[in-house]
Amino acid sequence: ATRTGHVQFVDVQALQTLAEAHEARVHVSARPGDLVHPAAALAWLSASPDAPGPPGEPLASAVRDAFVVGPERTIEQDAGYGLIVLAEIAQRALSPAVNDPGTAIAVLGSQTRLLVRTLATPPDPDADRFHRVSAVAAPLEALVVLAYEPIARNGLDHDEVIHQLLRHLEALMLNAPPGVIDQARALVRNTLARAERAGADAVDLQGWRKLARELDQQVPMETPDRTATGCP
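Residues numbered from 1 in each chain as written. Predicted model: local features only at pLDDT ≥ 70, side-chain atom pairs only at ≥ 80, totals over all residues. Heavy atoms only, no water.

K.L.:
Would you explain the overall build of the protein in this entry?
P.N.:
Along the backbone of the protein there are eight helices and eight strands. Taken along the three principal axes of its C-alpha coordinates, the protein extends 75 × 40 × 25 Å. Within the protein, the proportion of its 232 residues that are buried is 39%. Sequence separation of at least 24 residues holds for 74% of the intrachain contacts in the protein that already meet a minimum separation of 6. Per element, the accessible surface of the protein, about 12,500 Å² overall, is 55% carbon and sulfur. When the 20 basic and 29 acidic side-chain charges of the protein are each reduced to a single mean position, those positions are 4 Å apart. (Helix = DSSP H or I, 4+ residues; strand = E, 2+ residues; numbered from the N terminus. Buried < 20%, exposed > 50% of the residue type's maximum accessible area, 1.4 Å probe, protein only. Contact = heavy atoms within 4.5 Å. Areas by Shrake-Rupley, 256 points an atom, 1.4 Å probe, with all protein chains shown as cover. Lys, Arg positive; Asp, Glu negative; His and termini not counted. Charge placed at Lys NZ, Arg CZ, Asp CG, Glu CD.)

In structure tokens:
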């Protein structure tokens, strides 16, 4: 990168076109949302065995131009940032000054719908057209933490929020691959442990434990792999 900031957009079509023209391959190492700087690699270039020589600086410069880097993250290609923005809305709603648990519950619904839809999205049938561009799959487990952890942390004073959190995690787990299930289950455990340390109301805590036990019955520890654990 030539500047410090967050990757806001990656033009995959431009990378494919460049790679075809130079008989090269491009491996994207900086995904949308990643913090980059002059010492950070945006991508790696490799030449075809039939190419006359290794990729040169003109191609490297053209590849850099396919990455938009700015001072802030944006939601166009950065799914994690979109979930962060939604979670922040819930956090503000749960602040003592606002005290609006209904908005936090509405955010939970939006987060769950987005994640379930993402997990159910089939692979792009036209992905082969980018056969000269590759990238490491983004771990979907991280999205669970971004979406739900702030609400779990700030909702302990609201029984209805934690109740809905557990219900939404159950819905997510019933539609998720093993890695996401494990992350959601860990979030349930951490939420209950945090509630105990914070001295949550005993009746509320008892109800949350009951929901957690029901969740374990609904989603057994051994779950078939129904979908991939990452997204392109």
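Next comes the rest of the description.
K.L.:
Got a minute to help me understand the side chain of Q111 in this structure?
P.N.:
Looking at the secondary structure, you find Q111 in helix α4 (residues 101-120). Residue Q111 is classed as buried on the basis of its relative accessible area, which comes to 0%. At 3.3 Å, the side chain of Q111 forms a polar contact with the backbone oxygen of L83. Setting aside residues no more than four positions away along its own chain, Q111 makes contact with L83, L86, A87, A147 and Y148. (Polar contact = N/O pair within 3.5 Å; in protein donor to acceptor, adjacent residues only side chain to side chain.)

K.L.:
Hey, could you run me through the confidence of the model for the protein in this one?
P.N.:
Interpretation of the predicted coordinates at a detailed level should be avoided for regions scoring low in pLDDT. In the predicted model, the protein carries a mean pLDDT of 91, and the fraction of residues at 70 or more is 92%. Under a pLDDT of 50 for its full length, residues 223-232 has, in the predicted model, 27 contacts with residues more than four places off or in other chains. (pLDDT = per-residue confidence, 0-100.)

K.L.:
Sorry if this is basic, but what is going on with the side chain of Q16 here?
P.N.:
Mapped onto the elements, Q16 comes out in helix α1 (residues 12-21). Within the local environment of Q16, its side chain forms a polar contact with the backbone nitrogen of H131, the two atoms lying 3.4 Å apart. When residues no more than four places from it in sequence are discounted, the contact partners of Q16 are R129, F130, H131, R132 and V133.

K.L.:
Explain the sheet that holds strand β4 (residues 43-47) to me, please; I cannot follow it from the model alone.
P.N.:
Sheet strands associate in pairs through backbone hydrogen bonding, adopting either a parallel or an antiparallel arrangement. Strand order in the open sheet formed by three strands is β4-β2-β6, with mixed pairing between adjacent strands. The sheet is open, and its two edges are formed by β4 and β6 (133-135), each paired on a single side. Across the sheet, the axes of successive neighbouring strands diverge by a mean angle of 20 degrees, strand direction being ignored. Bridge count between strand β2 (residues 24-28) and β6: three bridges; the pairing is parallel. In the strand pairing of β6, V26 is matched with V133. Contacts from α1 reach β2 and β6 within the one sheet, and its direction differs from that of β2 by about 150 degrees. (Pairing = 2+ DSSP bridges. Axes fitted to C-alpha atoms, helices over the stretch in contact; angles between N-to-C directions.)

K.L.:
What am I meant to see in the nonpolar core here?
P.N.:
Note on soluble globular proteins: their nonpolar side chains tend to be buried together. Y148 and W208 are the most contacted members of the largest nonpolar core, which has 38 residues in total. Listed by contribution, the elements that provide at least two residues to this core are α3 (79-94), α4, α5 (141-154), α6 (159-173), α7 (178-197) and α8 (202-218). Counting residues in each nonpolar core, the second largest holds 20 residues, with A1, V7, L42 and A66 among its members. (Core = buried A, V, L, I, M, F, W, Y, C linked by side-chain atoms within 4.5 Å.)

K.L.:
Teacher, can you tell me more about the packing of α4 against α5 here?
P.N.:
Two numbers describe a pair of packed helices, the interaxial angle and the distance between the axes. Running from N to C, α4 and α5 cross one another at 170 degrees; their axes reach a closest spacing of 11 Å. Accordingly, the angle class assigned to the pair α4 and α5 is roughly antiparallel. Of the residues in α5, those in contact with V107, L108, Q111, T112 and L115 of α4 are L143, A147, Y148 and I151. (Parallel < 35°, antiparallel > 145°, perpendicular 65-115°, else oblique.)

K.L.:
Sorry if this is basic, but what is going on with the pattern of salt bridges here?
P.N.:
Here the idea is simple: oppositely charged side chains can pair when their charged atoms come close. A complete count under the given rule lists nine salt bridges for this structure. For the salt bridge of E57 with R64, the shortest nitrogen-to-oxygen distance reads 2.9 Å. Since its relative accessible area comes to 48%, E57 is described here as partly exposed. When the shortest N-O distance is used, the salt bridge between E149 and R153 registers 3.7 Å. Of this pair, E149 and R153 both sit in helix α5, four residues apart, which is roughly one turn of that helix. Here E149 falls in the buried class, since its relative accessible area comes to 15%. By sharing partners, the salt bridges in this structure join R167, E170, K210 and E214 into a single network. (Salt bridge = Lys/Arg side-chain N within 4 Å of Asp/Glu carboxyl O.)

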